[in-house]
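Working through the structure, step by step
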Amino acid sequence: TGGHYKVRFTYGEKEQLEKNIKYNGQDYQGLSSAQIYDRDTIEKSYENTEIMLVIDNSNSMSGNKITRAKQAATKLIENLNNKLPGIKIGVVNFNEAANTIGNLGTGAGNLITGINNLGSGGETAIARGINLAQSIYANGKTKLMIIITDGQETVDLEEDVIRQIENLRSRD
């Protein structure tokens with residue numbers, strides 16, 4: 001039956017590397033197994049996923065950079081909303097301060113409107129954007145953060161950015 005499928009391949013032992021697995025007419029040399037998931041299974045696996053999108057709108061992002069960042073963020077939200085509606089998305093922007101465009105579960109239309117209203121200006125405080133985004137996470141099983149930036153921290157210490165990333169890694 002038609003639809004979207006996720007395929008996960010597992011590599012086998014050396015003796016199994018001679019095997020071929022065919023899927024959609026393509027040979028996958030050296031693969032020992034393939035698992036094919038239907039759309040319902042894929043959607044169910046993303047039910048408790050929370051994604052925070054963190055967008056740099058500092059002065060260095062002016063012009064084409066902020067335009068492309070807004071386009072990428074909008075496209076991501078549209079695709080996730082249409083294909084995996086169980087995912088909760090929140091958006092934060094930052095320059096020398098961090099601001100919430102939309103909390104987790106805010107409607108896609110409101111998130112996109114907030115993103116499209118972003119201008120550019122100010123310094124780059126990546127750590128503050130990460131910190132705010134991290135504080136918005138709820139109780140999702142899987143937490144993802146996507147940071148769109150062109151630059152280097154100019155407000156806080158680089159160590160602050162590293163510490164925020166380490167904090168993300170250590171969270172349950």
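Above this note sits the structure.
The following paragraphs examine the structure supplied in this document.

What counts and how
Residues numbered from 1 in each chain as written. Predicted model: local features only at pLDDT ≥ 70, side-chain atom pairs only at ≥ 80, totals over all residues. Heavy atoms only, no water. Helix = DSSP H or I, 4+ residues; strand = E, 2+ residues; numbered from the N terminus. Polar contact = N/O pair within 3.5 Å; in protein donor to acceptor, adjacent residues only side chain to side chain. Contact = heavy atoms within 4.5 Å. Salt bridge = Lys/Arg side-chain N within 4 Å of Asp/Glu carboxyl O. Buried < 20%, exposed > 50% of the residue type's maximum accessible area, 1.4 Å probe, protein only. Core = buried A, V, L, I, M, F, W, Y, C linked by side-chain atoms within 4.5 Å. Pairing = 2+ DSSP bridges. Axes fitted to C-alpha atoms, helices over the stretch in contact; angles between N-to-C directions.

Before going further, it helps to examine the side chain of Thr 124. Secondary-structure assignment places Thr 124 in the loop between helix H3 (108–116) and helix H4 (126–136). A distance of 3.0 Å separates polar atoms of two side chains, one belonging to Thr 124 and the other to Ser 58. For Thr 124, the residues in contact, after removing those within four places along its chain, are Asp 56, Ser 58, Ser 60, Phe 94, Asn 95, Gln 152, Glu 153, Thr 154 and Val 155.

This brings us to the pattern of salt bridges. In this structure the tally under the stated criterion is one salt bridge. Lys 65 serves as the salt-bridge partner of Asp 150, at 2.9 Å between the closest nitrogen and oxygen. Taken together, the residues span a long stretch of sequence, with Asp 150 in the loop between strand S8 (142–148) and helix H5 (158–170) and Lys 65 in helix H2 (residues 64–83) at a distance of 85 residues. For Asp 150, a relative accessible area of 33% gives the class partly exposed.

Core analysis: the largest hydrophobic core is formed by 19 residues, its most contacted members being Leu 53, Ile 55, Ile 77 and Val 91. When contributions to this core are tallied by element, the ones reaching two or more residues are strand S5 (49–56), H2, strand S6 (88–94) and H3. A per-element tally of this core places H2 first, with five residues. Ignoring sequence-local partners within four residues, the contact set of Ile 55 consists of Ala 69, Ala 73, Val 91, Val 92, Asn 93, Phe 94, Ile 115, Leu 118 and Ile 148. Among the nonpolar cores identified, the runner-up in size contains 12 residues, and Val 54, Ile 136, Tyr 137 and Val 161 belong to it.

Time to look at the sheet that holds S6. The four strands lie next to each other as S7-S6-S5-S8, forming an open sheet whose pairing is mixed. This sheet does not close on itself; its edge strands, each paired only once, are strand S7 (98–102) and S8. Neighbour to neighbour, the strand axes of the sheet diverge by 20° on average, direction disregarded. Two elements, S5 and S6, share seven bridges in a ladder whose sense is parallel. When the sheet's bridge partners are listed, Asp 56 is paired in S6 with Phe 94. Where H2 meets the sheet, its contacts fall on S5, S6 and S8, and the angle it forms with S5 comes to roughly 170°.

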